[in-house]
Amino acid sequence: GDSLAAAHLIGATARTILRNVTGVLAGFDLALLAVRWALFALAVFLFLVFALDWLVRTRRINPFGPLARFFRRTVDPLLVPIERRVVRAGGMPASAPWWALVAVVVGGILLILLLQFVREMIIAVAISSGRGPRGYYHLIVSWTFGLLKLALIVRIIASWLQLNEYRPWIRWSVSLTEWLLRPLRSIIPPLGMFDVSPLVAYLILVLLESFMHSIGG
C-alpha cells in the first residue's frame, strides 16, 4: 500500500515536472534558434567586411580610394591584436581578416555547444528528479562528464588556434583535464602540428560515462 502510494506520488511529480520542463524547453529552443540565425547573419556580414578589408590590404582595391581609407580608419584598428598574433605565428599580416573570421565562427560554435549543453542538463534534471536516488546518481554522472567533455572541446580549439592556455577562459579547462591529457601525451605522438591526445581523451570520457551509467542501473 505505502509503496504503491509512493509510486503514484513519484509518477505524478514526474508528470508535473515534465510539463513544466516542456514549456521551458520550447522557449529555450526558440531562443537557441534565434541565436543560431543571429550568429549566421553576423558571420555573413563579417565575411563581407573582412573580404573587403583583405582586398584593401592586398591592394586589389585602390589603397588611396575612399573605401580603403574608411577601412584603414575603422576596421584595421580592430584587427591589430589578431594581426600581431598572426605575425608572431609566422603568418602574413594581410591574412588577419580571415583569421578574425575564423575566431568569430569558432566562438559562435562554442556558444551554440554551450547552449546545447545547458539544454541537455535541463532535460537530465527533469528526468532524474522523478527517479529518486538513482536518478540523481545519473544526473551527477552526466554533469561531471559533460563538464569534462566541454573542457576538452575548449582545449582542442585553443590548441588548434595556438591560444595561450593561461588565458582566464582557457585556464579552467586545463585544470580540469590536464590529469588525463598528460599521460596520454607521453604515449600518443602528435600528427604533424596537431595534438590528438584531447580527441583520444574525449573518446575515453564517452566510454567511461557509458560505463558509469551502466553500473548505476
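Everything discussed here concerns the structure shown above.
None of the values given here were measured: they were computed from a predicted structure. (Residues numbered from 1 in each chain as written. Predicted model: local features only at pLDDT ≥ 70, side-chain atom pairs only at ≥ 80, totals over all residues. Heavy atoms only, no water.)

## Description of the overall build of the chain
What counts, and what does not: Strands here mean DSSP runs of E at least two residues long; helices mean DSSP runs of H or I at least four residues long; both are numbered from the N terminus. Relative accessibility thresholds used throughout: buried, under 20% of the residue-type maximum; exposed, over 50%; partly exposed, between the two (1.4 Å probe, protein chains only). In what follows, residue pairs with any heavy atoms lying within 4.5 Å of each other are defined as contacts. Residue burial considers only the protein chains on display, and all accessible areas are found by Shrake-Rupley using a 1.4 Å probe.
Along the chain, the regular secondary structure elements total 7 helices and 0 strands. Overall, the chain shows an N-to-C arrangement of helices and strands of α-α-α-α-α-α-α. When each of the 217 residues of the chain is scored for burial, the buried share is 31%. For the chain, the share of sequence-separated contacts (at least 6 apart) that also reach a separation of at least 24 residues comes to 60%. For the chain, the computed accessible surface area is about 13,600 Å², with 73% contributed by carbon and sulfur atoms.

## Some thoughts on the nonpolar core
One broad rule of soluble globular proteins: the nonpolar side chains tend to lie buried together. The criterion, for reference: The definition of a nonpolar core used throughout is a set of buried Ala, Val, Leu, Ile, Met, Phe, Trp, Tyr and Cys residues joined through side-chain atoms within 4.5 Å.
Counting residues in hydrophobic clusters, the biggest one holds 9 residues: Val141, Phe145, Leu148, Leu152, Leu180, Leu181, Leu184, Ala201 and Leu205. Residues within four places of Phe145 in sequence aside, it is in contact with Leu205, Leu208, Glu209 and Met212.

## Some details on the layout of surface pockets
Which entries qualify depends on this criterion: Points on a 1 Å grid over protein atoms alone make up a cavity when a 1.4 Å probe fits among them but cannot get out, and a pocket when they form an open set with protein on both sides within 12 Å along at least five of seven lines; lining residues each have an atom within 4 Å of a point. Grid points are joined across faces, edges and corners, and a volume is the space filled by probe spheres set on the points.
A volume near 260 Å³ is recorded for the second largest pocket. Considering the residues around the second largest pocket, the lining is formed by Leu113, Gln116, Phe117, Glu120, Met121, Ser142, Gly146, Lys149, Leu150, Ile153, Tyr202 and Glu209.

## Points about the side chain of Glu209
Selection criterion: Pairs of N or O atoms are called polar contacts if they sit within 3.5 Å, as long as, within protein, a hydrogen donor faces a hydrogen acceptor (for residues adjacent in sequence, only side-chain-to-side-chain pairs).
Looking at the element boundaries, Glu209 is found in helix H7 (residues 197-215). Glu209 gets classed as buried once you look at its relative accessible area, which sits at 12%. At 2.8 Å, the side chain of Glu209 forms a polar contact with the side chain of Lys149. When residues no more than four places from it in sequence are discounted, the contact partners of Glu209 are Val141, Ser142, Phe145 and Lys149.

## A closer look at the packing of aromatic side chains
The cut-off we apply is this: Any two rings among Phe, Tyr and Trp, with Trp reduced to its six-membered ring, count as a pair given centres within 6.5 Å; such a pair is stacked if its planes are under 30 degrees apart, edge-to-face if over 60, and tilted if neither.
Tallying each qualifying case throughout the model produces 4 aromatic pairs. Judged by centre distance (5.8 Å) and plane angle (85 degrees), the rings of Phe70 and Phe71 are edge-to-face. What makes Phe71 buried here is its relative accessible area of 4%. These aromatic residues form a ring-pair network of at least three members: Phe47, Trp54 and Trp98.

## A word on the packing of helix H6 (residues 168-185) against H7
Quick note on the threshold: Structural elements are reduced to axes, namely lines fitted to C-alpha atoms, with helices fitted over the stretch in contact, and the angle between N-to-C directions of any two is expressed from 0 to 180 degrees. Here roughly perpendicular refers to angles of 65 to 115 degrees, roughly parallel to angles under 35, roughly antiparallel to angles over 145, and oblique to all remaining angles. Here a crossing is called left-handed whenever its near helix is offset anticlockwise from the far helix by less than a right angle, and right-handed whenever the offset is clockwise. For this classification, Asp, Glu, Lys and Arg are treated as charged, while Ala, Val, Leu, Ile, Met, Phe, Trp, Tyr, Cys and Pro are nonpolar and the rest, including Gly, are polar.
The interhelical angle for the contact between H6 and H7, taken along N-to-C directions, is 120 degrees, at an axis separation of 9 Å. Between H6 and H7, the interaxial angle falls into the category oblique. Both H6 and H7 take part in a crossing whose hand is right-handed. Along the contact surface, H6 presents Leu180, Leu181, Leu184 and Arg185, while H7 presents Ser197, Pro198, Val200, Ala201, Ile204 and Leu205. Among the residues making up the contact of H6 with H7, the classes are represented as 8 nonpolar, 1 polar and 1 charged.

## Looking at the environment of Val154
The topology assignment puts Val154 in helix H5 (residues 132-160). Each C-alpha atom of the pair Val154 and Trp172 lies 9.6 Å from the other, and the pair is 18 residues apart in sequence.

## Some details on the pattern of salt bridges
Using the following cut-off: Salt bridges are defined as contacts in which a side-chain nitrogen from Lys or Arg sits within 4 Å of a carboxyl oxygen from Asp or Glu.
Applying the stated criterion across every chain, the model contains 8 salt bridges. Note that Arg155 is salt-bridged to Glu178, the shortest N-O span being 2.7 Å. Note that Arg155 is positioned in helix H5 and Glu178 in helix H6, a separation of 23 residues in sequence. The pair Arg155 / Glu178 is uniform in exposure class, with both members buried. Notably, a salt bridge pairs Glu178 with Arg185, separated by 3.2 Å at the nearest N-O pair. For Glu178, a relative accessible area of 17% puts it in the buried group. Residues joined in a network through salt bridges with shared partners are Asp53, Arg57, Asp76 and Glu83.

## Here we look at H6
Owing to its 3.6 residues per turn, the α-helix aligns residues three or four sequence positions apart on the same side. Applicable threshold: The bend at a residue is defined as the angle formed between two axes, one fitted to the seven residues ending at that residue and one fitted to the seven starting there.
Along its length, H6 reaches its greatest deviation from straightness, about 65 degrees, at Thr177. Along H6, the residues classified as buried are Ile170, Ser173, Val174, Thr177, Glu178, Leu180, Leu181 and Leu184.

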